[in-house]
Amino acid sequence: RQIRRRTAKSRQIKIQLEENAPSGGLKFVAITALMAVVLGVGGFLYWQHQQSQRAAELARRTVLIVTEVKGEVEFSTATTPFVPLKQDAHMAESFTVRLGAGARCTVVTSLSGSRMVILDKGQVEIQKPQASSHEPNSPLALGATVKSGTLMCDFKKGDPRVEIKVPPPVVVRGALGVYKVVVEENATTVLVREAKVK
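Criteria and thresholds
Residues numbered from 1 in each chain as written. Predicted model: local features only at pLDDT ≥ 70, side-chain atom pairs only at ≥ 80, totals over all residues. Heavy atoms only, no water. Salt bridge = Lys/Arg side-chain N within 4 Å of Asp/Glu carboxyl O. Buried < 20%, exposed > 50% of the residue type's maximum accessible area, 1.4 Å probe, protein only. Pairing = 2+ DSSP bridges. Helix = DSSP H or I, 4+ residues; strand = E, 2+ residues; numbered from the N terminus. Core = buried A, V, L, I, M, F, W, Y, C linked by side-chain atoms within 4.5 Å. Phe/Tyr/Trp six-rings, centres within 6.5 Å; stacked < 30°, edge-to-face > 60°. Lys NZ or Arg CZ within 6 Å of the ring centre and 35° of its normal.

Engineer: Can you explain the pattern of salt bridges? Please cite residues and give values.
Structural biologist: Inspection of the entire model under this criterion finds 8 salt bridges. The closest approach of N and O atoms between Asp154 and Lys156, which form a salt bridge, is 3.7 Å. Classification of Asp154 by relative accessible area gives buried; the value is 10%. Of the residues examined, Lys156 reaches a relative accessible area of 55% and is grouped as exposed.

Take a look at the structure:
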């Protein structure tokens, strides 16, 4: 009897489950909705990952690295006073470099083989580089204001757009090549080699 009762109960449960089971159409709709949600979430996460990679690449392109410091070299930003500048410093904002007698400082950009060298008693404000787009080969705008001393620019590769301001309000514009801007008390000189400047 117990076996028969259990078997009868099992049959009743199976019958109820079959009666309450969704139809084939409902199963298809449920599966389609689930797939749409999974694909939507996956697509959003992929897009978010791509955006974070682009932002990281853009941040890398717009950082300047100090590769050489010789002698007395100080720097300041818009919010900090002058403090000693150390080699291998990564500069992610605009800054001003001030050098003592006989000092030298080299700053490199993300453009391969490109550098800016500030010499003896120089005071130069270097702007944070600006990329024209998120693409890795897009032009990189570089700006500097030479208040005194010497700034040498050596841009061999990439697509730089360089703008150098000197007093009185004169602007030197250049791209690939080698050029040197010297600001002294009585005169300003621009020496150009293998380049075109305006």
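Engineer: Give a description of the pairing of strand S9 (residues 140-155) that names residues and reports values.
Structural biologist: As paired strands, strand S7 (residues 115-126) and S9 are joined by 9 bridges and run antiparallel to one another. Bridging across to S9, Leu119 finds its partner in Thr150. Where strand S8 (residues 130-131) meets S9, 2 bridges bridge the pair, whose relative direction is antiparallel. Looking across to S9, one finds that Ala131 is bridged to Leu140. Sheet topology note: the S9/strand S10 (residues 160-166) ladder contains 6 bridges and is parallel. Across the sheet, the residue bridging to Leu140 is Pro160, located in S10. Sheet topology note: the S9/strand S12 (residues 177-183) ladder contains 7 bridges and is antiparallel. For Thr150, the partnering residue across the bridge sits in S12 and is Val182.

Engineer: So what about the nonpolar core? Which residues, and what values?
Structural biologist: Counting 31 residues, the largest nonpolar core has Phe95, Val97, Cys105, Ile126, Val146, Leu151 and Ile164 as its most contacted members. If you list the elements that add at least two residues to this core, you get strand S1 (64-70), strand S2 (73-76), strand S5 (95-99), strand S6 (104-108), S7, S9, S10 and S12.

Engineer: Before we move on, can you summarise the pairing of S1 with the specific residues and values?
Structural biologist: Side chains on a regular strand alternate between the two faces of the sheet. Examined bridge by bridge, S1 and strand S4 (residues 90-91) share 2 bridges and lie antiparallel to one another. Residue pairing across strands places Leu64 opposite Met91, the latter belonging to S4. As judged from the 5 bridges shared by S1 and S6, these two strands associate in the antiparallel manner. Each bridged residue has a counterpart across the sheet, and for Val66 the counterpart in S6 is Val107.

Engineer: Which residues make up unusual backbone geometry, and what are the values?
Structural biologist: Across residues other than glycine, the phi torsion is negative in most instances, and most of the peptide bonds are trans. One non-glycine residue, Asp88, lies in positive phi territory at about 70°. For Asp88, the position within the fold is in the loop between strand S3 (83-84) and S4. Judged by its relative accessible area of 52%, Asp88 falls in the exposed class. The phi angle at Lys121 is positive, at roughly 60°, despite the residue not being glycine. Its location among the elements puts Lys121 in strand S7. The exposure class assigned to Lys121 is exposed, which follows from its relative accessible area of 55%.

Engineer: Lay out the packing of aromatic side chains with the relevant residues and their values.
Structural biologist: Following the criterion strictly, the structure yields 1 aromatic pair and no others. Between Phe75 and Phe95 the ring centres are 6.5 Å apart and the planes differ by 85°, which places this aromatic pair in the edge-to-face class. You can see Phe75 sitting in strand S2 and its partner Phe95 sitting in strand S5, a full 20 residues away along the chain. The pair formed by Phe75 and Phe95 is uniform in burial state, with each residue classed as buried. Taking NZ or CZ as reference, Arg98 lies 3.8 Å from the ring centre of Phe82, over its face.

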